[in-house]
Amino acid sequence: MVQGYQENYRRSIEDPDGFWGQAAEEIHWEKRWNRVLDDRTPPFYRWFSGGVLNTCYNAVDRHVEGGRAEQAAVIYDSPVSGNKQVLTYRQFRDQVARFAGVLRNLGVQKGDRVIVYMPMIPEAMVAMLACARIGAIHSVVFGGFAARELATRIEDARPKVVVSASCGLEPKRIVPYKPLLDQAIELSRAKPECTIIYQRPQESAPMVSGHDHDWEELMAGASPVDCVPLEATDPLYILYTSGTTGKPKGVVRDNGGHAVALKWTMKAIYDIDPGEVYWAASDIGWVVGHSYIVYGPLLQGCTTILYEGKPVGTPDPGAFWRVVSEHGVNALFTAPTAIRAIKREDPAGEHMQRYDIQSLRTLFLAGERCDPDTLLWSQAKLGVPVIDHWWQTETGWGIAANCMGLERLPVKPGSPTKAAPGYDVRILDESGDPVEAGKIGSIVVKLPLPPGCLPTLWNDDEGYINSYLSTYQGHYLTGDAGYQDEEAYLFIMSRIDDIINVAGHRLSTGAMEEVLSAHPDVAECAVVGVADELKGEIPVGFVVLKAGVQRDEKEIASELVQAVRDKIGPVAAFKTAMVVKRLPKTRSGKILRGTIKKIADGREYRVPATIDDPVVLEEITDSLKGIGYTRKV
Ligand code: COA
Ligand code: AMP
């Protein structure tokens with residue numbers, strides 16, 4: 001790889017075929033591609049068309065054959081269950097190949113979908129790679145979602161099989177998965193043929209004979225199967241993410257572009273070599289988990305850490321540093337919120353000092369805006385570079401980053417540095433013209449997106465165009481607003497839609513509003529993301545009751561909180577709903593959510609010229625004061 005950020009960036013934009021063609025040499029192909037960038041059918045671009053490969057082979061078998069058979073592939077470290085387990089590449093390959101046999105025995109073929117609804121246990125990774133091995137398309141659903149969210153995903157993906165476990169383990173409670181899964185299947189119009197349940201010792205799931213199969217029993221009766229050859233453009237997985245409505249978007253990832261891009265990022269962005277230890281403290285249910293717990297580190301022949309625990313409370317704020325020292329972690333990737341949680345409980349870094357963390361070279365942060373305080377605190381305490389980088393479920397890897405393996409650029413707190421190679425990032429105004437340095441605009445990427453990014457949405461080419469490509473012709477809309485400074489450093493400031501980031505989790509306030517509106521006493525509502533010291537943002541709901549409703553407002557508010565928990569899930573962290581007399585609106589009836597947010601955050605706001613009745617803003621301010629908001633964070 002050529003050193004130097006600028007030279008790499010320039011080549012990636014001017015000569016994408018040469019740049020990515022060279023990166024693709026690092027992947028094992030059954031048949032080489034005909035075209036690196038296939039731009040015959042814009043706005044749909046494909047990478048490495050004509051190429052044939054298998055992602056599981058590249059991530060697992062290749063390392064067994066290439067001398068890493070006895071190296072740890074996965075280290076499972078679970079403070080919530082008290083378990084630790086090391087799986088070498090050979091052991092991991094054997095499990096993956098056998099579970100692929102299990103899926104085959106159940107009739108799963110190339111192109112069939114398999115939903116994986118599992119906690120952070122090695123079997124979840126085994127299930128994902130087994131799908132990749134036989135060309136089945138996995139769709140992992142995060143465990144903190146409620147049955148209804150799971151149901152929407154089942155209905156859209158139409159899986160042949162759902163793989164799940166009896167329970168997840170949260171620090172203070174066991175989360176039984178099977179009842180949620182049963183309910184989701186009941187709610188969904190599409191029904192999987194069967195389920196496979198991994199029974200955990202903490203709680204066993206009741207099984208329905210003939211429909212629910214026991215993981216261990218099936219494994220005992222299955223034979224290993226080999227990797228099948230797949231087109232580079234065949235889908236590897238679908239990952240649903242919050243969109244601007246209650247209906248999640250099925251982001252598709254292909255095999256070829258994904259493998260090439262992720263392997264390239266391991267060195268170029270993370271500066272990690274084969275054999276080193278990489279830890280993404282995220283969840284396999286999120287894109288960070290897909291890319292950097294599972295595929296990236298394995299494609300690079302690294303040891304990846306699968307951590308089932310929290311940054312604090314399992315058992316203390318030293319948890320991350322214990323894992324780093326025990327397993328010799330070289331790069332750690334987490335969300336700023338996790339660092340804020342640690343900092344809050346261990347401001348002086350005393351827990352950190354209990355461990356030898358010399359192996360750690362870099363801390364990478366992403367998932368939400370990184371406040372300079374968090375960056376500077378962790379840098380000072382850890383004594384290593386702390387690198388913020390910006391990306392999305394849709395892109396699968398960093399759009400902007402300080403590419404540590406190419407050239408370490410100076411860090412500007414508050415900025416994820418510059419556009420990563422492959423991304424032609426532009427900042428546009430409402431009419432599509434570029435804005436000058438320092439001015440905020442809509443952040444877009446000129447097409448084509450680099451390999452590894454979404455080629456489309458699952459079964460929804462039109463939705464792909466409408467959501468991402470129709471605002472600015474020839475450009476992908478990131479949905480983020482921000483600016484670039486004179487030196488091309490990017491600053492990501494806010495979303496232009498209703499998406500909020502709660503503890504690094506991407507959620508749609510629109511989806512929460514749908515839940516609140518469905519309450520029989522609610523006439524109208526607004527949910528806004530309010531600044532929160534720990535989680536970055538938390539959702540707060542404002543509801544206006546239907547005329548004549550005389551019930552206790554507190555009771556209604558707690559029903560609303562429960563409804564969001566039941567329908568979206570605990571991960572939404574929706575804890576505050578308040579009844580207000582009216583919502584501030586424009587004369588044309590648009591709810592002024594942005595102004596409510598500013599009031600709640602204690603920020604200055606201008607009374608919009610188009611407001612229908614300014615007195616409503618005073619009423620909202622009073623209501624927020626009543627529950628302790630309208631303070632600066
Ligand atoms: N299964 C079931 N429930 C889950 C869950 C899962 N996989 N993950 C979270 N939840 C639940 C939690 O138990 C909690 O429920 P509660 O309301 O009953 O307490 C709720 O969802 C919110 O969870 P969480 O976001 O983890 O908040 P927290 O208050 O328990 O912990 C932090 C706060 C900051 C420690 C935590 O949010 C954290 O570790 N964040 C890092 C996030 C991250 O890595 N994101 C990935 C992007 S890179
Ligand atoms: P997700 O798809 O869950 O990864 O969420 C993507 C969104 O999170 C982005 O569109 C941003 O709004 C936000 N985000 C992720 N990383 C960063 C970052 N480093 N800085 C600012 N915002 C970020």
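Residues numbered from 1 in each chain as written. Chains lettered and ligands numbered in written order. Predicted model: local features only at pLDDT ≥ 70, side-chain atom pairs only at ≥ 80, totals over all residues. Heavy atoms only, no water.

(A) Just helix α18 (residues 593-601), in detail. If you check which residues of α18 are buried, you get Thr-595, Ile-596, Ile-599, Ala-600 and Asp-601. Tucked inside the fold, the buried residues of α18 contact β29 (522-532), β30 (536-545) and α19 (615-626). One or two steps after α18, the chain reaches Gly-602, where phi turns positive at roughly 70°. (Buried < 20%, exposed > 50% of the residue type's maximum accessible area, 1.4 Å probe, protein only. Helix = DSSP H or I, 4+ residues; strand = E, 2+ residues; numbered from the N terminus. Contact = heavy atoms within 4.5 Å.)

(B) Broad picture of the site of ligand 1. Around ligand 1 there are 22 residues in total, and Glu-170, Arg-173, Lys-310, Arg-565 and Lys-575 lie nearest to it. The contact in question runs from an oxygen atom of ligand 1 to an N or O atom on the side chain of Lys-535, over 3.0 Å. Contact between ligand 1 and Val-571: an oxygen atom at 3.4 Å from a main-chain N or O atom of the residue. When the free accessible area of ligand 1 is taken as 940 Å², the share hidden by the protein chains comes to 83%. Looking at side-chain class alone, the shell around ligand 1 contains ten nonpolar, six polar and six charged residues. Counting the residues that make up the shell around ligand 1, at least three belong to each of domain 1 (5-309 + 389-482) and domain 2 (506-626). (Near = heavy atom within 4 Å. Polar contact = N/O pair within 3.5 Å; in protein donor to acceptor, adjacent residues only side chain to side chain. Areas by Shrake-Rupley, 256 points an atom, 1.4 Å probe, with all protein chains shown as cover. Nonpolar A, V, L, I, M, F, W, Y, C, P; charged D, E, K, R; others polar. Domains from an automatic or database assignment.)

(C) Region of interest: the packing of aromatic side chains. Tallied over the entire structure, the rule returns 34 aromatic pairs. Seen in terms of ring centroids, Phe-44 and Tyr-464 are 5.7 Å apart; in terms of plane orientation they differ by 40°. Their pairing is tilted. On the criterion of sequence distance, the pair formed by Phe-44 in strand β2 (residues 44-47) and Tyr-464 in helix α15 (residues 461-469) is long-range, its members being 420 residues apart. Comparing Phe-44 with Tyr-464, the two get one shared label, buried. Consider the rings of Tyr-270 and Phe-364, whose centres lie 4.7 Å apart with planes at 75°: the pair is edge-to-face. On the criterion of sequence distance, the pair formed by Tyr-270 in the loop between α9 (256-268) and β16 (277-280) and Phe-364 in strand β19 (residues 362-365) is long-range, its members being 94 residues apart. On the basis of relative accessible area, Tyr-270 is assigned to the buried category, the value being 1%. Seen from the ring of Trp-33, Arg-32 lies directly overhead, with NZ or CZ sitting 4.3 Å from the centre. Directly above the ring of Phe-145 sits Arg-153, whose terminal nitrogen or CZ lies 4.6 Å from the centroid. (Phe/Tyr/Trp six-rings, centres within 6.5 Å; stacked < 30°, edge-to-face > 60°. Lys NZ or Arg CZ within 6 Å of the ring centre and 35° of its normal.)

(D) Local environment of the domain arrangement of the protein chain. With domains assigned, the protein chain is organised as domain 1 (5-309 + 389-482) and domain 2 (506-626). Between the C-alpha centres of domain 1 and domain 2 there is a distance of 34 Å. Listed per partner, the contact involves 18 residues of domain 1 and 13 residues of domain 2. Note on domain 1 versus domain 2: buried area summed over both sides is about 1200 Å², and carbon and sulfur give 48% of it. Put simply, domain 1 and domain 2 have one salt bridge between them. The closest approach of N and O atoms between Arg-506 and Glu-394, which form a salt bridge, is 2.9 Å. Seen at the junction of domain 1 and domain 2, the total is four residue pairs in polar contact (both at pLDDT 80 or more). Here the element with the most residues in the side of domain 1 that touches domain 2 is helix α6 (residues 147-157); it accounts for three residues. (Buried area = accessible area lost by both parts, 1.4 Å probe. Salt bridge = Lys/Arg side-chain N within 4 Å of Asp/Glu carboxyl O.)

(E) Focus on the packing of helix α3 (residues 55-68) against helix α5 (residues 122-134). Following both chains from N to C, one finds α3 and α5 inclined at 120°, their axes separated by 7 Å at the closest point. By the angle class used here, α3 and α5 are oblique. In this structure, the crossing between α3 and α5 has a hand that is left-handed. Across the interface between the two elements, Cys-56, Ala-59, Val-60 and Asp-61 of α3 pack against Leu-129, Ala-132 and Arg-133 of α5. Here the residues of the contact of α3 with α5 sort into five nonpolar, no polar and two charged. (Axes fitted to C-alpha atoms, helices over the stretch in contact; angles between N-to-C directions. Parallel < 35°, antiparallel > 145°, perpendicular 65-115°, else oblique. Left-handed = near helix turned anticlockwise from the far one by under 90°.)

(F) Here's a closer look at the pairing of strand β11 (residues 194-198). The element β11 is extensively covered by neighbouring structure, given that five of its five residues are classed as buried. Side-chain alternation along β11 places Cys-194, Ile-196 and Tyr-198 on one buried face and Thr-195 and Ile-197 on a second face that is also buried. In this sheet, β11 lies alongside strand β8 (residues 161-165) in parallel orientation, the contact comprising five bridges. Within β11, the residue paired with Val-161 across the bridge is Cys-194. (Pairing = 2+ DSSP bridges.)

(G) Broad picture of the site of ligand 2. As a structural note, the neighbourhood of ligand 2 is formed by 15 residues, with His-389, Thr-393, Asp-480, Arg-495 and Arg-506 the closest of them. Gly-367 places a polar main-chain atom, nitrogen or oxygen, 3.1 Å from a nitrogen atom of ligand 2. Between ligand 2 and the protein, one listed contact pairs an oxygen atom with a side-chain N or O atom of Gln-392 at 3.0 Å. Coverage of ligand 2 by the protein amounts to 94% of the 490 Å² it exposes when considered alone. Across the shell around ligand 2, the residue classes tally to four nonpolar, five polar and six charged.

(H) Representation of the pattern of salt bridges within the structure. Overall, the coordinates contain 42 salt bridges when judged by the stated rule. Where salt bridges share partners, they join Asp-77, Lys-84, Arg-322 and Glu-326 into one cluster.

(I) Main features of the side chain of Asn-402. Mapped onto the elements of the fold, Asn-402 is located in the loop between β21 (400-401) and β22 (418-419). Residue class for Asn-402 comes out buried when judged on its relative accessible area of 0%. A polar contact is formed between the side chain of Asn-402 and the backbone oxygen of Leu-409, at a distance of 2.8 Å. Every residue in contact with Asn-402, bar those within four places of it in the chain, is listed here: Ile-269, Ile-387, Glu-407, Arg-408, Leu-409, Pro-410, Val-411, Pro-416 and Thr-417.

(J) Molecular detail of unusual backbone geometry. Between Thr-314 and the following residue, Pro-315, the backbone shows a cis peptide bond with an omega angle of 0°. Note that Pro-315 resides in the loop between β17 (303-307) and α11 (319-327). Note that the residue after Leu-447, namely Pro-448, is joined by a cis bond; omega there is 5°. Mapped onto the secondary structure, Pro-448 falls in the loop between β24 (441-446) and α15. The backbone of Phe-48 shows a phi angle near 60°, a positive value even though the residue is not glycine. By the secondary structure assignment, Phe-48 is in the loop between β2 and β3 (52-53).

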